[in-house]
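For reference, the chains in residue letters:
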Amino acid sequence: MTNIIPPKLKNLWDEWNLRSSILFSLFLQILLISFAPSRKRRGTTFITLIIWSSYLLADWVAAFAVGLISNSLSNKTNKYETTVQTEDVLAFWAPFLLLHLGGPDAITAFSLEDNELWIRHLFSLLIQLVAVGYVIIQSLPSDLWIPTTLMLLVGIIKYAERTRALYLGCLGNFKANMLPDADAGPNYAQLMEENSSKKIAHVPAEIKIEKEIGRGDAADYEVEKQRISEIEAVEGGFRYFNIFKGLIVDLMFTFNERKESRKYFFARTTEDAFKVLEVELNFMYDALYTKMVVVNGRIGYILRFVCSVCLVAALERFAAHHKHTNGGDHRPDRLKMHAFDVYVTYALLIGAIGLDSIAIIKLIFSDWTIVRLKYPRAKKFIFQTRKKLTSWKIGGWSKAFGRRWSNKMSQHSLVRFCLKERFKWINAVADCFGLLDILDEIQYKGSTSVQDDLKTFIFELLKEKARKAEDSKTAREICAARGDWVLLHSACHSLTKFVDVEYDESLLLWHIATDLCFYKMDDKVQDLEVESQPNHPKDPEVETNRRFSKCLSDYMLYLLVMRPTMMSAVAGIGQIRFRDTCEEAKKFFRRKDIIPGGRFKENPLLSWFKFFISPRGRSEWKCSMSWFRNPSQIKTWLHKFYSKTRKRLEEEKIKRACAELLLIETVVKPVEVKGDRSKSVLFDACILAKKLNEMDERKRWKVMSEVWVELLSYAATHCRANTHAQQFSKGGELVSFVWLLMTQLGLGDQFRVEAGHARAKLLVQK
């Protein structure tokens, strides 16, 4: 039978497969410890792909390498026939692979579902331990049995730590560890029996009920705002993490916890409140996706010390053996180790010590260490040292290294999506390979920073509502509002019908209406750049609310369309409604020649050329050419000019599309003309936009921005808790911050606020 693989290639693989696998396993560990912490603050596709591939390959490569070592030892006919590999070195390499299977402290689970597989990892630990033990037994007697035993101990500890972390991160176990002791309450039967006996004995008695003291009133929360230090923010975040981590598994909380949390956050500024929330969510991330809960404790510290000592001792023992063997004073039946094997062994040892040192440094300067220290001076020293270490980075990296979340909100616009069509064959190919959603995110998803003024706007609105939520009924009513609360308090009763529909329909209606109002063309303003010019002054409040509305509108559509699992509890038929609306919009834009109607799409370069030869383009060219004389600047200028022109063309196309939609006479309801088979809301949104444009500009954007905050808060409280937890490892989401903030302010149905234990007394009258 003809061998397809060439003999040279086969021999090369047989000789180097084991060494390459071991070095590749070490490389994957370096990738994981380097990139894993960044996923909570950089939710980019590139970072996620690196971590995902490294996480999956790390376990497979390590297990594969253990099998190769076992196979190499089992198939050898002569123990000393080669100098390329020896049984002692191969057996010494095996525990390193067990160490790699334990993984770094920075990541134990890539997703929440990995925690549910902790039993599989426990079984894998036992299997791999048996395999490594078999390899070591095969090599006995060995000159390297001492460092091999030390590394085996380290590997077992590391793998056990990972399995324990997965066990604790499993949502079932996570909930079981937080369940309070069973509480039967006061002894009702005994009290009733005593009352009955008194009646039988004709002894006058009555039962007096005293409610539990502890419920606060509105006056408790009217306190002066106080700034807190960053260390106090970490301590506050840890305290409320321990109280409210049960949110992830839908536990309930007492009214005393509600009162304490409300009082704390009412006294905080927006900046401090979000710092505390950021720390709190970071602790939740560590508890679910890392080893921090396992290694932070007396036993964890002892095991970490044992591992470090064993690693250093193993390095010293191997170095002594290498010096003794290769220095000439060795047994005549033992051949010298191959030089490359020595390099591989040193790489494994130094790599293990380096990775362990990095893990220890991160542990020392982590938030967990700060909250566990009892001495303020020690806390201050740790925090300031960490701050100096993070400031060594250059440029934007310094900020990214110190952040605990991305501070970004993704953006997606329906009108922009419809105007930037792809070729159908590209969609067909991408859909065939299951890459259509990824392609959509790459092409259509934008991103913007969550500005401080937006955080303040959301925080103040939620605090204003929280002041009115003094009982559970009012709190539930506020959480159930998705625009109607704002419209009723703003005397916009005619608009309530646009929120008294399904949530996904309401979101699409207000999103399209926001775009139509945002890009509305009038005689004063012809494009977005002119708006910022001094000769067209704008009201700062209007511009701020206008920006808030646009950012929140695009963010909520992104959640609805590109994060359907997160919004599944409130989305309804949002995907169908979005697709039908897009199809009707594309059909309308083709009829108006806003987008090409044929098979071929217009080339962006052709659009740029058309603009360039237009009077406006020639004017900009002449103005721009006057500021440089050096020919080397031409390339840079052309790039800027093309980018600027392309953005302007896109904005003008969007403005024209919105203007055409507003010109449609909507005297008859669309459903009466089209029926209800199509779920499109395009022209219903046009009706809403026209009603909004009839309002005063200041009031219009104030109402719209507050409606969007209500839509955001409704989604935050009605999304499943585990979907919020899934976003912790993807850069975080603003909606998760709002979810936690509303809970801290006492908004929601997670509190038993009506009453605690009543104190019943049987009073005997004299």
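This text goes with the structure placed above it.
About the cut-offs
Residue indices follow the written sequence of each chain, beginning from 1 at its first position. In keeping with the predicted nature of the model, local features appear solely for residues at pLDDT of at least 70, side-chain atom pairs appear and are counted solely at 80 or more, and the whole-chain, interface and lining totals rest on all residues. With hydrogens and water stripped out, all remaining heavy atoms of the structure feed into the side-chain values. Axis definition: a line fitted to C-alpha atoms, over the contacting stretch in the case of helices. Angles run 0 to 180 degrees between N-to-C directions. Helix and strand labels come from DSSP, where a helix needs a run of H or I of at least four residues and a strand needs a run of E of at least two; each type is numbered from the N terminus. For a crossing to be left-handed, the near helix must be turned anticlockwise from the far one by less than a right angle; the clockwise case is right-handed. Contact between two residues is taken to exist if any of their heavy atoms lie within 4.5 Å; hydrogens are not considered. Residues are grouped as follows: Ala, Val, Leu, Ile, Met, Phe, Trp, Tyr, Cys and Pro are nonpolar; Asp, Glu, Lys and Arg are charged; all remaining types, including Gly, are polar. Expected span, for any helix, means 1.5 Å times one less than how many residues it has. Each residue is assigned a bend, namely the angle between axes fitted to the seven residues that terminate at it and the seven residues that start at it. Exposure categories follow from relative accessible area, calculated using a 1.4 Å probe and restricted to protein chains: below 20% of the type maximum is buried, above 50% is exposed, and the middle band is partly exposed. To qualify as a nonpolar core, a set must consist of buried Ala, Val, Leu, Ile, Met, Phe, Trp, Tyr and Cys residues joined through side-chain atoms within 4.5 Å.

(A) Structural detail: the packing of helix α24 (residues 503-518) against helix α28 (residues 574-591). In the contact formed by α24 and α28, the axes pass within 9 Å of each other and the chain directions differ by 35 degrees. Here α24 and α28 pass one another in a crossing that is right-handed. Mapping the contact onto sequence places Asp504, Glu505, Leu508 and Ile512 in α24 and Gly574, Arg577, Phe578 and Thr581 in α28. Grouping the amino acids of the contact of α24 with α28 by side-chain chemistry returns three nonpolar, two polar and three charged.

(B) Molecular detail of helix α1 (residues 7-35). For α1, which comprises 29 residues, the first-to-last C-alpha distance of 39 Å matches the rise-based estimate of 42 Å (1.5 Å per residue) to within 8%. A bend of about 50 degrees at Trp16 is the largest found in α1. Considered for burial, the residues of α1 that qualify are Asn17, Leu18, Arg19, Ser21, Ile22, Ser25, Leu26, Leu28, Gln29, Leu31, Leu32 and Ile33.

(C) Spotlight on the side chain of Gln29. Structurally, Gln29 can be placed in helix α1. Residue classification places Gln29 among the buried positions, given a relative accessible area of 4%. Not counting the four nearest positions on each side in its chain, Gln29 is found in contact with Ala58, His100, Gly103, Pro104 and Leu355.

(D) Representation of the nonpolar core within the structure. Core analysis: the biggest nonpolar cluster contains 148 residues, and Trp510, Met556, Met567, Phe589 and Phe728 have the highest contact counts within it. The contact partners of Phe589, leaving out residues within four places of it in the chain, are Val415, Cys418, Leu419, Ile594, Ile595, Ala657 and Leu661. Counting residues in each nonpolar core, the second largest holds 44 residues, with Leu18, Leu144, Tyr159 and Phe318 among its members.

(E) How the structure looks around unusual backbone geometry. Look at Asn407: it is not a glycine, yet its phi comes out positive at around 60 degrees. By secondary structure assignment, the location of Asn407 is in the loop between α17 (396-402) and β3 (408-411). Backbone geometry places Asp593, a non-glycine residue, at a positive phi of 60 degrees. With respect to the secondary-structure elements, Asp593 resides in the loop between α28 and α29 (604-613).

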